[in-house]
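Secondary and tertiary structure notes
Residues per chain are reported as follows:
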Amino acid sequence: MSALMSLLAQAPAAPAADPVTTGEAVAFWILGPLALAGGLGMLFARNAVHSALWLVLSMLSLGILYMIQQAPFLGFVQIIVYTGAIMMLFLFVLMLVGRDSSDSVVEVLRGQRLTAAVFGLGFAGIAVAALVRALNQVPSAGLASVNAQNGGNVANIGRALFTDYLFPFELTSALLITAAVGAMVLAFAGKERQARKTQRELVIERFQGDRPSPLPGPGVFATANSVATPALLPDGSVAPESLSELIEGTSAELFGEERASVAGTGHAADAHALTGEEAAR
Amino acid sequence: MQEQFLAQAQQQVNAPDIAYGAIAPVLIVLGFACLSVLVEAFVAKERRWGLQIGVAAAAIVLAGASLAAFISSNDAAGGPTGKTGVTTLAGAVSVDKPALFLWGTLLALGVLALLLIADRTVGGDMQTEVFPLFLFALGGMMVFCAANNLLTMFIALEVLSLPLYLMCGLARKRRLISQEAAVKYFLLGAFASAFFLYGLALLYGYAGSVKLADIATAAVGTDRSDTLLFGGLGLLVVGLLFKGSVGPFHTWTPDVYQGAPTSVTAFMAACTKVAAFGGILRVLTVAFQSTQWEWRGVLWGVAIASMAIGAIFGLTQTDVKRMIAYSSVAHAGFLLVGAIAMNTDGLSSTLFYLLAYGFTTIASFGVISLVRSGSGEATDLSQWAGLAKRSPLLAGVFTFLLLALAGIPLTSGFIGKFVVFSAALRDGMAPLVVIALVFSAVAAFFYLRVVVLMYFSEPAEDGPTVSVPGAFTTVAITLGTFVTLLLGVLPGFVLNWASSGGFLS
């Protein structure tokens, strides 16, 4: 998007030579390294929040660079929209996800990082070398003369948007609608919304079912007061429904012994306990 | 300050001329997409599905009608050969003969894809949001084919991609693999868009304009540094080739084809390829024709790589959808052979190939969606063993479609390959054509492997069942198969249309 804006800002550029002043050069050599440091810091910071803040630094430097290069509107848009709005949204999301979550350092493909670094540096080297050579032959065309015509920078951008770039500009609305629909689709994944039952319906349902009374609570005995202890029925047998299904479901065999001891079917003190029979069982 | 403000207020901004008749198909599709979003918002859930099908179908039919109206008026306007077309919206959109052909292709393929998406009887059952997304994607593809400057092309690229990313993740069953496919496609697609944008910036630096025609003028006889031109071209083409799932930029293709709901895969496989190659043809022909000697060698290499990857990796696949995905990579290589032929035959043959390939692919995915086991679609090749004994008709149709993909005579695939290769030969690319023929033979092997599997193996005990197709799917498969046969027997009409004119910038 920023590339788009810069294109639009420069669209009516006249090829008039506009030499780089000392002030501009000084500002560039301060802001350029800062932007670069921001980019590298974003890549290498382990913590996602730090990464985001490094990116803010990079974007701020770029915004100021745009202003120095006679594109004030673009500079302010960069700072207000990107640094102000989008990066803050980014930070919000990071905070929601949890700022402790950091990059995994496990390489899934062996040697991938090394290869990627080599190729990345190679590409950067080629691109920088070629561009330096290419751009040395290009005369710098400033925006000062264009900004003075037709009511200035902002008016010129507006004019370009509504004449030459009318169609792409309008087409962007399709993109925005798609994004909104997409957020809806992904976030609201078709949960069936059921009407909540009223108290009356619940009562009727309960009396039509096979058990109108509440389930018995767990047993409380002199030997045990755990919720995992089942209640005893009048005939002395265990009432299985007195235990929560959750407990039943998770680790039935864990409670098996307790249940057995309450029911009196468990093994009593065993004279052969130390012979290893227990372990073998 | 105030005087300056008043001076601004007086200036008149002249809005660009808009040829509404020419761009009516695009406007109708995008307008109905917005309408479809409104239906989503205001209509009760139970009635939405049917209504959305109606809206989408109406959009395509009306767009087709307005396209036909424009073509006839355009032909009537310019004498015996017909006018070449119009550029409109300050030169942002160029509605010329290839664009009209591609729009017609996209709308026709869109009908088939819509039929597959709309059929709920064989386990489709996506959210109704798929319909507005489908229409937005279709509209984006149509703009992409006709975009006459790179900025419009970029926005159109995003308009077509974003809905596709979402549609990939819409499967209700096998949700995880579907969403994985969506994320993968989104991340890699974002990278490809970044490449495109970087290339665009370099080209703007070179030519001082994003218009294709201006880039062509700047490239002819200047003393500017070529680094920006070729750097820009390289990065731009990477973005385009990614969308066309060509060669080494194909890595998303198998995973996304496998993970996405089958009807969405059908739409994506056919229509995205049409749009991407429409864009590639236009960029290469309009903007870079004069510099073709510098870059054509690289695209030779890419085409060979694409054919090799598609044919060789396709051999090792055990999943039908992945196999078709690799087949699409191989076909992208064949298409690229036609696209870099850089003559009028190259253009018309590539257009024909796109149309033929699109119909065959949609019909194949329609067939794949019918073969199901208890847990959903049975895409594993071992489950397809002996299918002909259980369902001879389906196996027969699928065999025919596979033969078309392999390029056997009497199918559209043969005619497509024939015209593409002969155009390449006429342009002096004989070595490339020989290589392409070798890889077609290799690729034919894995299509025939499936045929052999279906006819000459014993069916598995717990094999998949072939579900009875709904009316929509039946129509889609029938139409796709019929067109595949028709173009194989009587290709003349479409070939004439495809070669009716060149690009206008």
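Since the model is a prediction, treat every value here as computed from it, not as a measurement. (Residues numbered from 1 in each chain as written. Chains lettered and ligands numbered in written order. Predicted model: local features only at pLDDT ≥ 70, side-chain atom pairs only at ≥ 80, totals over all residues. Heavy atoms only, no water.)

With that settled, consider the domain arrangement of chain A. Split by domain assignment, chain A resolves into domain 1 (21-97), domain 2 (156-189) and domain 3 (218-263). The C-alpha-based centres of domain 1 of chain A and domain 3 of chain A are spaced at 63 Å. (Domains from an automatic or database assignment.)

With that out of the way, let us pick up the interface of chain A and chain B. At the junction of the two partners, chain A supplies 38 residues and chain B supplies 43 residues. Summing both partners gives a buried area of about 3,500 Å² for chain A against chain B, and 76% of it is carried by carbon and sulfur. Where chain A meets chain B, there are 0 residue pairs in polar contact (both at pLDDT 80 or more). Among the elements of the structure, α1 (2-10), α5 (112-136), α7 (152-162) and α8 (166-187) of chain A are those that each provide at least two residues to the side of chain A that touches chain B. At 14 residues, the largest contribution of residues to the side of chain A that touches chain B is made by α8(A). Residues that form the side of chain A that touches chain B fall into these classes: 26 nonpolar, 9 polar and 3 charged. (Contact = heavy atoms within 4.5 Å. Buried area = accessible area lost by both parts, 1.4 Å probe. Polar contact = N/O pair within 3.5 Å; in protein donor to acceptor, adjacent residues only side chain to side chain. Helix = DSSP H or I, 4+ residues; strand = E, 2+ residues; numbered from the N terminus. Nonpolar A, V, L, I, M, F, W, Y, C, P; charged D, E, K, R; others polar.)

This next bit is on the environment of A:Arg259. On the secondary structure map, A:Arg259 appears in helix α11 (residues 252-263). Sequence spacing of A:Arg259 and A:Pro240 is 19 residues, and the spatial spacing of their C-alpha atoms is 9.6 Å.

All names here are of chain B. By the element assignment, Tyr-353 lies in helix α14 (residues 344-368). For Tyr-353, a relative accessible area of 4% gives the class buried. Taking the C-alpha atoms as reference, Tyr-353 lies 9.3 Å from His-331; in sequence the two are 22 residues apart. Tyr-353 has contacts with His-331, Phe-334, Leu-335, Gly-416, Lys-417 and Val-420, leaving out every residue within four places of it along the chain. (Buried < 20%, exposed > 50% of the residue type's maximum accessible area, 1.4 Å probe, protein only.)

Before going further, it helps to examine the packing of aromatic side chains. By the definition in use, this model includes 18 aromatic pairs over all chains. Arranged with centres 5.3 Å apart and planes meeting at 70°, the rings of A:Phe162 and A:Phe169 form a pair that is edge-to-face. What makes A:Phe162 partly exposed here is its relative accessible area of 42%. Ring geometry for B:Phe154 and B:Phe196: centres 6.0 Å apart, planes at 20°, overall stacked. With B:Phe154 in helix α6 (residues 150-168) and B:Phe196 in helix α7 (residues 175-207), this pair connects stretches of sequence that are 42 residues apart. Given the relative accessible area of 10%, B:Phe154 is considered buried. Ring pairing ties together the aromatic residues B:Tyr165, B:Tyr185, B:Phe186, B:Phe242, B:Trp252, B:Tyr257 and B:Phe365, which thus form one cluster. B:Arg296 extends its terminal NZ or CZ atom over the ring of B:Trp293, reaching a point 5.3 Å from the ring centre. (Phe/Tyr/Trp six-rings, centres within 6.5 Å; stacked < 30°, edge-to-face > 60°. Lys NZ or Arg CZ within 6 Å of the ring centre and 35° of its normal.)

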